[in-house]
Amino acid sequence: MKQTQSRSQRQNPSAEKRTRSTGAVAARTDFGDLWRSWLGHHREVALESLRRFFATPMASIMTALVIAIALALPAALQLGLANFQRAVAGWDGQPQISVFLHKGARDAAVESFAAKLRSDPAVAEVTYISPEEALAEFEQASGLGDVLAGLDANPLPAVLLLRPRDTQDNDKLQILVANLQQQALTDSVVLDLAWVQRLTQLTELGQRLSAGLAVLLALGVILVVVNTIRLHIESRREEILVAKLVGGTNAFVRRPFLYSGLCYGFCGGLLAWLLLLGGVLLLSGPIAGLSSSYGSNYALAGPGFSYFLGLTAGAVLLGLLGAWLAATRHIRAIEPT
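Rules behind the numbers
Per chain, residues are indexed from 1 in the order of the written sequence. In view of the model being predicted, local features appear only for residues whose pLDDT reaches at least 70, and side-chain atom pairs are presented and counted only at 80 or more, with totals across whole chains, interfaces and linings using the full set of residues. Excluding hydrogens and water, the side-chain figures rest on all heavy atoms present in the structure. The helix count covers DSSP runs of H or I at least four residues long, the strand count covers runs of E at least two residues long, and both are numbered beginning at the N terminus. Burial classes follow relative accessibility: with a 1.4 Å probe on protein chains only, a residue under 20% of its type's maximum area counts as buried, one over 50% as exposed, and anything between as partly exposed. Only heavy atoms enter the contact rule, under which two residues are in contact if any of them lie within 4.5 Å. Here the accessible surface of atoms and residues is derived via Shrake-Rupley with a 1.4 Å probe, and residues count as covered only by protein chains that are part of the display. The criterion for strand pairing is that DSSP finds at least two bridges linking the strands in question. Each axis is a line fitted through C-alpha atoms, taken for helices only over the stretch in contact, and angles between the N-to-C directions span 0 to 180 degrees.

*Asks:* How should I be thinking about the overall build of the protein chain in this particular structure?
*Replies:* Counting its regular elements, the protein chain contains 11 helices and 4 strands. Here the protein chain holds 337 residues, and 31% of them are scored as buried. Intrachain contacts of the protein chain at a sequence separation of at least 6 include 83% that bridge at least 24 residues. Roughly 21200 Å² of accessible area belongs to the protein chain as shown, and the carbon and sulfur atoms make up 63% of that amount.

Shown next, in the form of structure tokens:
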């Protein structure tokens, strides 16, 4: 028999090729049908989950609003930190060294000393403030012009403001300060570094608080979604039993609840972005008026499209995670007897 089959195959090789090609086409067709069936089921489940979401609009919106508030709190803190950094970006955030000169220093000696400092590779910039300029600036800042006008002599010394070239190395800054203190014309030296360090520490503290609050509230969002999906599973218990009786797997039964978690997450992220936008619109007017009173044109920056993407993407991931945890745990416990 085998000899007869091999002889027939040698006599008609085209028949063997047609058989192989027919099998390959059938395999491709089966895979294509499975892929289209899988996509079609996902589409049907997504539409059904969306329909169920809007079938109870009050309960769904309340759950999404809870998620939105939990997401909006850390996002608002992060947005506030970003606006604070924008507000102080125009300030001089670099450490500055103030060199107070002796009262009896001559102008020629002061100019020579300033020129020497400008040639120092450790110094990036030197600004000279004369006693007259210092007094005028103090009068304007303090409002004590009448009191200062009654003085017999100007009590303020000349000052050299130095901007160090290397502002990150604290040891180099201290060495520069020590060298300046040893100069003959120097009366005292002040390194204005403390407020810069405090500002940096406050910003870092705010960022860590925002990150910690975001983690805690993200856990809260997951718990809200878990509890909501658990209630959905209990309300559809009979439907799940029927699906498992006809051969539905846990993954098949779990799929609609995952899309429900996605709906809750997306709506919660959208509402959180709208809450942030409303808060910015509410505060932008008073902040613009306050900044204009200080002679600044600063305007509060709102949550842009990147915030919308970040909030919705994070909310969708949290919704899916919460739905998966709830569905995986509770669907396994529902088995037909």
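*Asks:* Teacher, can you tell me more about the environment of L117 here?
*Replies:* Among the structural elements, L117 can be located in helix α4 (residues 107–118). Classification of L117 as buried rests on a relative accessible area of 5%. Between the alpha carbons of L117 and L180 there is a distance of 9.4 Å; along the sequence they are 63 residues apart. If we skip the residues at most four places from it in the chain, L117 touches V123, V126, L160, L162 and L180.

*Asks:* Please clarify how the sheet that holds strand β2 (residues 123–129) should be interpreted in this entry.
*Replies:* Sheet strands line up and pair through hydrogen bonds in the backbone, either parallel or antiparallel. Sheet architecture is open: 4 strands sit in the order β2-β3-β1-β4, paired in antiparallel fashion. Only two strands of the sheet have a single partner each, and these edge strands are β2 and β4 (186–192). The mean angle between the axes of side-by-side strands here comes to 20°, regardless of whether they run parallel or antiparallel. In this sheet, strand β3 (residues 159–164) lies alongside β2 in antiparallel orientation, the contact comprising 6 bridges. Counted as the bridge partner of V126 is L162 from β3. Seen against the sheet, α4 touches β1 (96–101), β2, β3 and β4 and runs at an angle of roughly 160° to β2.

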